[in-house]
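Per-entry structural report
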Amino acid sequence: MKEMTPLEELRHSAAHVLATAVLRLFPETQLDIGPPTDTGFYYDFDLDHKLTQDDLVRIEDEMRKVAKENQRFERFETSREEGEAMIRKIGQERYKLGRLADIPQGEPISFYRNGEFVDLCAGTHVNYTKKLKAFKLLSIAGAYHRGDEKNKQLQRIYGTAFPTKAELDAYMEQLEEAKKRDHRKLGRELKLFHIDEAVGQGLVLWTPKGSVIRQELQDFISDELRKQGYSQVFTPHIGKLGLYRTSGHFPYYKESQFNPVVERDALERLADEGCSCSELSNHIDEGTVDGYLLKPMNCPMHIKIFDSQPRSYRDLPVRLAEFGTVYRWEQSGELSGMTRVRGFTQDDAHIFCMEEQVGAEIRGCLDLVRIVFRTLGMNDYRVRIGLRDPDSTKYTGNPELWDKAETALRDAASSLDVPHTEEPGEAAFYGPKIDFVVKDVIGREWQLGTVQVDYNLPERFELNYVGADNKEHRPVMIHRAPFGSMERFTGVLIEHFAGNFPVWLSPEQVRVLPITDDQLDFAREIEAQLKAANIRCSIDSHADKFGAKVRRAELERIPYMFVVGKNEVAEGQVTIRSRTNKGDEGSRPVAEAVARIIEAIESRELPC
RNA sequence: GCCCUUGUAGCUCAGUCGGUAGAGCACUUCCUUGGUAAGGAAGAGGUCGGCGGUUCAAAUCCGCUCGAGGGCUCCA
């Protein structure tokens, strides 16, 4: 059993005190487990009473009593039989016997006792409950026993604990701050996107301001793609079911897709025959009725473009790129703002290459992802190599090809100078992948950029090219998306910048602020000059005091304000106020001010 | 999909024991022309998420349903 850090020990002890309190208030409760987490702790309980917010308060009060009683945490070890007897004695058979059975033979079986409470537990703990000075219960959630949805759902209480009150307060403060940069809140306040229930859950409407950001990002990535020899393609949003049968997306991932669209003639014929819904479903599964699928992935379409003409080894690599919109039936409980949606646009591309080109191509993809991340100042990410889970049957293709692909990815990843972890079970169904993972404001991890090596789909679609030996060979495919999806990436970006986008991405780059209406004409001249230089700008002509105009521009996170009063008009100058350096920056000729903005845009200057 | 919480104006929220809606900000108009984060006044805006029930009477009580939030499961 690995050692716990002092903080984990404290939080784990808090979990035991939580269970102690719950058992005092609800003696019939059956306990499952209560580990520490990155940010606190939880304990899973099985009890008929539905825990409420009021209960949480009562439980927390009881926990304080337990802490005050200053109970000692005592460890004792038992044999397997004695352990079983102890669990029966304390009446916790329902889950604890199973947890006991999980402990491998030869490992010690230990219990911890504090006051009247005894729990099967590897430890470790603080010595006395009095050490718990700063803790707080946060929420109640449902959680399946052993994380399996076939098992009973237990009631989980989340809480957090710190060595001191000050640290707990600081953490709570930090949670409040994080809420302020939540992309769902900022997205509404800054009018970047809208999700409307009349349109549908998880379907994002990009408003004009959000669309500017997306367009700038797409232009940026398109420039990089041109440099790296990609070709742009466009493909439709739907394709025949048969295509996705060949690829394997349907029916293996049927549950994660929108239902197929059945052809009108077929539907009418079946209706005449009195076909039931379940029969129709069977027809679709068996392929005796055809239909169309909203595309869950772009690759089959790109494969068909590759396969639309004979290919020579001299043509390879063929790199096909598309901002391709895909649709997936995510479970309703999983949808979240822009980060988990049902329709999204990937900055997708597929590279078809020879086996000996795979390494170089993967490195090219990884470079691209890193250019994107560096340009946006996103340094807080981790790299995950997703390998297949040897015990799962969800993967297609033969093991030798998988081994080759996994080796190729590992080699490429180790040539990166960033730390990475290998995680079995994180592969795509057709191949292993390298993912770039970032955290959102509430600590949830999201996969953004991804590079995947695929030996399977070329096999399933029987792709070929003619080699130098004049024989047919099978290409290898690489799937990659440096942003992942425009929706998720933009959502994460909103939180990353807290709405303070770099000038090149800002929906409005300059706001011209006349001090009084007398300067409106001059302001219009400046606006014209800015527009001529392709700078996004507007004039604030509200009948407000100047301070109110500044406030409005600040709240809208506009990076630069050009202030014009009667002095500026007389001199033909503007006074700049920047978002990062608030206050008067002095006045300068208009042309110079415009040049400064252009420089900030072209250098893709990051906000400090 | 499951558990818990939640749904009143564009936004943030108030609305006691059931008696058919209120504030601030934003918006419109008028006054004000003010030098770096809120000048003043007036006005407009809601079938209280939807459907059904109980009641003389429902934002308020009950049922169902839709959406949102936090988890769990899932994420090709």
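Residues numbered from 1 in each chain as written. Chains lettered and ligands numbered in written order. Predicted model: local features only at pLDDT ≥ 70, side-chain atom pairs only at ≥ 80, totals over all residues. Heavy atoms only, no water.

Concerning unusual backbone geometry
Here the amide bond leading from leucine 316 into proline 317 is cis, since omega sits at -5 degrees, within 30 degrees of zero. Phi is positive for arginine 146, which is not a glycine, with a value near 60 degrees. Among the structural elements, arginine 146 can be located in the loop between strand E6 (134-144) and strand E7 (153-162). Under the relative-accessibility criterion, arginine 146 is labelled partly exposed at 42%. One non-glycine residue with positive phi stands out, namely arginine 557, at about 60 degrees. Here arginine 557 lies in the loop between helix H17 (546-555) and strand E25 (560-564). Taking the relative accessible area as the measure of exposure, arginine 557 reaches 21% and is therefore partly exposed. (Helix = DSSP H or I, 4+ residues; strand = E, 2+ residues; numbered from the N terminus. Buried < 20%, exposed > 50% of the residue type's maximum accessible area, 1.4 Å probe, protein only.)

Side note on the domain arrangement of chain A
Here the domain parsing of chain A yields domain 1 (6-181), domain 2 (205-237 + 295-497) and domain 3 (510-602). Put simply, the middle of domain 1 and the middle of domain 2, counted by C-alpha atoms, are 41 Å apart. (Domains from an automatic or database assignment.)

Let's talk about the protein's contact with RNA strand B
Neighbouring RNA strand B are 59 residues; Gln153, Ser332, Glu334, Phe429 and Arg551 lie closest to it. The sugar-phosphate portion of RNA strand B accounts for 50% of its atoms within 4 Å of the protein, the bases making up the rest. Between RNA strand B and the protein, one listed contact pairs a base oxygen with a side-chain N or O atom of arginine 340 at 2.8 Å. In this structure, a phosphate oxygen belonging to RNA strand B sits 3.1 Å away from a side-chain N or O atom of arginine 444. Those elements giving two or more residues to the surface near RNA strand B turn out to be E6, E7, helix H6 (183-189), H17, helix H18 (566-571) and strand E26 (573-578). Across the surface near RNA strand B, the residue classes break down as 21 nonpolar, 17 polar and 21 charged. (Near = heavy atom within 4 Å. Polar contact = N/O pair within 3.5 Å; in protein donor to acceptor, adjacent residues only side chain to side chain. Nonpolar A, V, L, I, M, F, W, Y, C, P; charged D, E, K, R; others polar.)

Digging into the sheet that holds strand E22 (residues 476-481)
With mixed pairing, 8 strands are arranged side by side in an open sheet as E10-E14-E15-E22-E19-E18-E16-E17. In the strand order of this sheet, the two ends are held by strand E10 (231-232) and strand E17 (420-424), each with one partner. By the bridge criterion, 6 bridges tie strand E18 (residues 433-439) to strand E19 (residues 445-454) in an arrangement that is antiparallel. For lysine 433, the partnering residue across the bridge sits in E19 and is glutamine 452. The sheet contacts of helix H15 (residues 486-497) involve strand E14 (318-327), strand E15 (343-353), E18 and E19, and relative to E19 the element is tilted by about 140 degrees. (Pairing = 2+ DSSP bridges. Contact = heavy atoms within 4.5 Å. Axes fitted to C-alpha atoms, helices over the stretch in contact; angles between N-to-C directions.)

What to know about empty space enclosed by the protein
In this structure the tally under the stated criterion is 1 cavity of 30 Å³ or more. If you trace the largest cavity, you find 13 residues lining it, with Leu190, Lys209, Pro507, Glu556 and Arg557 closest to the centre. Of the residues in the lining of the largest cavity, the class split is 6 nonpolar, 2 polar and 5 charged. (1 Å grid on protein atoms, 1.4 Å probe; cavity = no way out; pocket = protein on both sides within 12 Å on 5 of 7 lines; lining within 4 Å. Points joined across faces, edges and corners; volume = space filled by probe spheres on them.)

Structural notes on the side chain of lysine 433
Within the element layout of this structure, lysine 433 appears in strand E18. On the basis of relative accessible area, lysine 433 is assigned to the buried category, the value being 10%. Engagement of the side chain of lysine 433 in a polar contact is seen with the side chain of aspartate 435, the distance being 3.3 Å. Looking at lysine 433, its side chain comes within polar contact range of the side chain of glutamine 447, at 3.1 Å. Those residues in contact with lysine 433, other than ones at most four positions away along the chain, are Arg384, Ile385, Gly386, Leu409, Glu426, Ala427, Ala428, Gln447, Thr450, Val451 and Gln452.

Some thoughts on the layout of surface pockets
As a volume, the largest pocket reaches approximately 1,700 Å³. Lining the largest pocket are 48 residues; nearest its centre among them are Arg328, Glu330, Arg340, Lys433 and Gln447. Broken down by secondary-structure element, the contributors of at least two residues to the lining of the largest pocket are E15, E18, E19 and E22. At 6 residues, E19 tops the list of elements feeding residues into the lining of the largest pocket. The residue makeup of the lining of the largest pocket, split by class, is 16 nonpolar, 17 polar and 15 charged.

Examining the state of the cysteines
Under the criterion given, the structure shown has 0 disulfides. Cysteine 365 carries a free sulfur, and the closest cysteine sulfur to it, the one in cysteine 353, is 9.0 Å from it. Here cysteine 365 falls in the buried class, since its relative accessible area comes to 1%. (Disulfide = S-S within 2.5 Å.)

Brief notes about the pattern of salt bridges
Inspection of the entire model under this criterion finds 53 salt bridges. Between lysine 240 and aspartate 290 there is a salt bridge whose closest N-O contact spans 3.8 Å. A residue pair is termed long-range when its members are at least 10 positions apart, and lysine 240 in strand E11 (residues 238-240) and aspartate 290 in the loop between helix H10 (277-286) and strand E13 (291-294) qualify at 50 residues. The partly exposed category is assigned to lysine 240, whose relative accessible area is 39%. Connected through salt bridges with shared partners, the residues Arg24, Glu62, Lys65, Glu69 and Glu116 form a single ionic network. (Salt bridge = Lys/Arg side-chain N within 4 Å of Asp/Glu carboxyl O.)

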